[in-house]
Amino acid sequence: MDSLKKKKINPFPTSTTQTTIANMCKEEQTCTNPSCFFCTMKEPEPSLRRVAIANIFKEMPFTDHQDQVLVLSGLWHVAMTHPDDPEFPSLGIFKCMANLIYKGINDRNWLLKDQNIYIPYYAAHVIGSYTMNKVEFTEIAVQQGVIPPLMELLRGKISWVEQRVAIRALGHLASYEKTFEAVAKYEEEVIKLAMKLACTCLEVVYVNFVGVKNINKRVKYHCDLLTRGIGDSEMEDRKGEEWASQLQCWCLYLLNCFACKERSLSLICKQDFLGKLCGMWGGLMNHSSPAWVGLVRILCYSKDGRKYIAESKEIIENICNLSRSSDDWQYMGIDCLLLLLNDQNTRYKVFEIIALFVIDLVELGSLGDRPNLGETITKALLLDYKQSKVKFRNQKVQKALQDVWNLKVERRKKEKLMSEEKLEEKRVLVCLIKQEANHRFWLGEIEEALAKYTEALDLCPLKSRKERMVLYSNRAQCHLLLRDPDCAISDSTRALCLATPANSHSKSLWRRSQAYDMKGLAKESLMDCIMFINGCIKSGVTKRVKIPYYAARMISKQMDATWLFTAARSKTTSSQARKVKESDGDYECDNDEQQRGEMMGVMIENKDFLSGLSTIIEEPLLVKEVNRRKVERARRRSKKAVIARSM
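To start, this report covers the structure provided alongside it.

Calculation notes
Residue numbers run consecutively from 1 along every chain, following the written order of its sequence. Reporting in this predicted model follows two pLDDT cut-offs: at least 70 for local features of residues, and 80 or more for side-chain atom pairs to be given and counted; totals over whole chains, interfaces and linings ignore these cut-offs and use all residues. The side-chain quantities take in all heavy atoms of the structure and omit both hydrogens and water. Here the term cavity refers to a set of points on a 1 Å grid, laid over the protein atoms alone, in which a 1.4 Å probe fits but cannot get out; the term pocket refers to an open set having protein on both sides within 12 Å along at least five of seven lines, with lining residues being those that place an atom within 4 Å of a point. Grid points are joined across faces, edges and corners, and a volume is the space filled by probe spheres set on the points. Each helix is a run of DSSP H or I of at least 4 residues and each strand a run of E of at least 2, with the numbering of both proceeding from the N terminus. Gly is put with the polar residues, along with every residue not named as nonpolar or charged; the nonpolar set is Ala, Val, Leu, Ile, Met, Phe, Trp, Tyr, Cys and Pro, and the charged set is Asp, Glu, Lys and Arg. Fitted lines through C-alpha atoms give the axes, limited to the stretch in contact for helices. The angle between two N-to-C directions lies from 0 to 180 degrees. Angle categories: roughly parallel below 35 degrees, roughly antiparallel above 145, roughly perpendicular from 65 to 115, and oblique for all the rest. Throughout, a crossing is termed right-handed when the near helix is turned clockwise from the far one, and left-handed when it is turned anticlockwise from it by less than a right angle. Every residue pair with non-hydrogen atoms within 4.5 Å of one another is taken to be in contact. Salt bridges, as used here, are contacts in which a Lys or Arg side-chain nitrogen is within 4 Å of a carboxyl oxygen on Asp or Glu. Buried, partly exposed and exposed residues are distinguished by accessible area as a fraction of the type maximum, computed with a 1.4 Å probe on protein chains only: under 20%, between the cut-offs, and over 50%, respectively. Here a pair means two rings of Phe, Tyr or Trp (six-membered ring of Trp) with centres within 6.5 Å. Their orientation is stacked below 30 degrees between planes, edge-to-face above 60, and tilted elsewhere. Two limits define a charge over a ring: the Lys NZ or Arg CZ must be within 6 Å of the ring centre, and within 35 degrees of the ring normal.

Considering only enclosed or pocket space, the largest pocket measures out at about 1,100 Å³ in volume. As for the largest pocket, its lining consists of 36 residues, of which Ile359, Asp360, Asp403, Ser490 and Arg494 are closest to the centre. Going through the elements one at a time, helix H21 (313–323), helix H23 (344–358), helix H26 (395–417), helix H28 (446–459), helix H29 (465–481) and helix H30 (485–498) are the ones with two or more residues in the lining of the largest pocket. For the lining of the largest pocket, the class distribution of residues is 14 nonpolar, five polar and 17 charged.

What follows is the structure in C-alpha cells.
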C-alpha cells in the first residue's frame, strides 16, 4: 500500500457517478473507438446492442483503454440502481468482473496505471449488487467463476476497501441455498477470515485511514471512493466510519450464513471470539444491522450453539443488558434469553444470571410484533418452579422467583376475586401513600420515600398499570439519589415495561440512562438518552423546545465513549505513547473531540430525531457550547429544587 500512497492518481471521475449510463449515452461526442461501450449503448436495435455488449464484456479484461474506469463506474451505478435488471447478467458481466479482479491482483503495473486502481473495487461491487436479490443471478455468477477472485480480495490482496465489497458479495452468494455450497468449498478459510476481519477491521481502518490526520497521507483512491470525489476530510471520516461498520457487520452476516445451517459452530463459537463479539454492535452509523446479537440469536437456535453461548458469561451479561434497554434489537436479546431458558441443557447454567434481569420484564406488553411478551417470559421463569427454588441456593435468585410467583400468580388470583369497590378502595389508599412518599421526597428523606413507594406498589392493583409505572419510576429516582444504579435500572425497566407503548416513559428513560452511566454501560445509557430526547421533541408544545442541557451533556459523553473507533484510538495512542517513552521523546495525543462533535449529527440521524433537533436547538449539542450561565445556575440550585424537578 505504500506504493499506492506515493503514486499520484487522477481525480475521481465524478460526472459518471451522478448520472446513469443512459444519460451518458445522450452526450454527442465524436468517438473513434469501434468497441466503445457508451457508443454501443446508443444502438437502437436491441439484438445488435446485446451482441455488441456481450463482445465488450469478453474483450474488456484483455484491453487497456484509458476510459475503462468510466465504463466500470457506469456499470456500478446501473448495478446499484437496477440490481434486478437481467440484461447485463445474461450477457456475461460476471465473467468480465471476475477477470478484471484477477487482472488487478496479478498485474500490479496495470493496476497502478491511469485510474485502474478503482476497477477491482467496482468489479466486486457490481457482483455484490447483482447477487443481492435474485437467486438466478447468483447461480450465473457462480457458474462464471466469481468466487475465487472474491476470495483473493477477501484475503487482503489489495486493501480493506476491496475486502468490504468482496465480503458483501460472498455474503449474498452464501445466503441462497443454491449457491451456498459453492462458497462452502472454502468453508474453514472463509470463516477464519471473516472472524479475523470482524475483530481487526476497525483498527485497520482507523490506523490506515480515519486516524491519519494529515489528509495528504491518506490513500487517494480510498478518499475518492468514500466521497465520490467531491467531499472534504469531514465527509471522509464519516464515510470511513460507516464503511468500517459495514465491513464488520458483513463479516458477521457471512458467519450467520454458516451458523444458520449449523456449520462450523466449533470455529465460530471459540470463547475468544465470542468475548470480542459483544463489542461488535454496529454503532449508530449502521443501525440497520443487528450485528453481534443477530449472530448470537442464530447460534441460540441450535442445540450446540446454545451450549457454546451458555458457557460465555460475557455474552450472557451483554444479552441481559440488551434485553433491558431501548435498543432497536431489544427483542432479539429477549429471544436469546428465552431460547436458553427453555432448553433444559442450558437453563440451569444461565438461570442465576438471567433470572435477575428478566424478572424486570415480566409485565412487558407488546414489543414490536411480539404480543404479551411478559407472559412468555413469566412462563419461562416459572417453568419447574418448585424444582428451581430448591436447586438454587442464591438467595437473590430465590427471592426473584418468589416475587414473580407472588406477582403473576398469587396477586392475580386474589385480585380476580376482589370486587370493584374493594379495588377502588385500594387505589385511593395507594394515592394517599404516594402523596406521603412524594412529600418525604421533597423534604429530602429519600430512604423514607423509597419505603413508602414500595408500600404503595405492594397495594396497587395490577390493572392500574399507569399508576404502577409512576411508582416504579419515582422509586428508581430514589435509588439514583442513594447511588444504587442496579436497583434504579431494575425499577426504571419495570416502569418502561408498563408504559404504552413500551419504552415510552421519558422520565424513566432518563433515570435509567443515568443509572447505566453510573455503571459504565455507555451504549445502553446512550440509547436511553436518545429515546428520552425523542420524547422531549414529540411532547414539545412549541417548535423551539430546547433540549435539557443535562441530556446534551450525557449524549456528548456517551457518543465519545461508544464511538466505533474508541478502542482502536486507545490502542493506537497507547502504542504511540510506549514508543515515545522508550525513545524518551515528547508525545502529544491527537484531539478527537472536535471530530466527535462533527460526526455526532450524522450518527444521531440514524435514531430518527436529527430533523427535530435541528429545528429546536438554538445552540449545538456539545456541552462546551451550552450556555455557561445556565450550567452555573443549575449547579447553584438547592437539593430541594433538584428533587422537585426530578419528580
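Moving on: the packing of helix H19 (residues 291–300) against helix H22 (residues 330–341). Put simply, H19 and H22 touch, their axes get as near as 9 Å, and they point 25° apart. In terms of their interaxial angle, H19 and H22 are classed as roughly parallel. Between H19 and H22 lies a crossing whose hand is left-handed. Residues Val293, Gly294, Val296, Arg297 and Cys300 of H19 lie in contact with H22, whose contacting residues are Tyr331, Met332, Gly333, Asp335, Cys336, Leu339 and Leu340. Of the residues contributing to the contact of H19 with H22, the split by class is eight nonpolar, two polar and two charged.

In the structure shown here, the tally under the stated rule is 40 salt bridges. A salt bridge links Asp491 to Arg475; its shortest N-O distance comes to 2.7 Å. Here Asp491 is found in helix H30, whereas its partner Arg475 is found in helix H29, with 16 residues between them in sequence. Overall, Asp491 belongs to the buried group, its relative accessible area being 2%. Its salt-bridge partner being Arg512, residue Asp528 comes within 2.7 Å of it at the nearest N-O pair.

A few words on the packing of aromatic side chains. One pair of aromatic rings is described through two measures. These are the centre distance and the angle between the planes. Summed over the entire model, instances satisfying the criterion amount to 21 aromatic pairs. Ring centres of Tyr385 and Trp405 lie 4.6 Å apart, and the angle between their planes is 0°; on these two criteria the pair is classed as stacked. Placement of the pair is Tyr385 in helix H25 (residues 385–391) and Trp405 in helix H26, with a sequence separation of 20 residues. Note on Tyr385: relative accessible area 10%, which makes it buried. Each residue in the set Phe37, Phe38, Phe57 and Phe88 is aromatic and connected to the rest through ring pairs, giving one cluster. Lying across the ring of Phe209, Arg218 places its NZ or CZ 4.7 Å from the centre.

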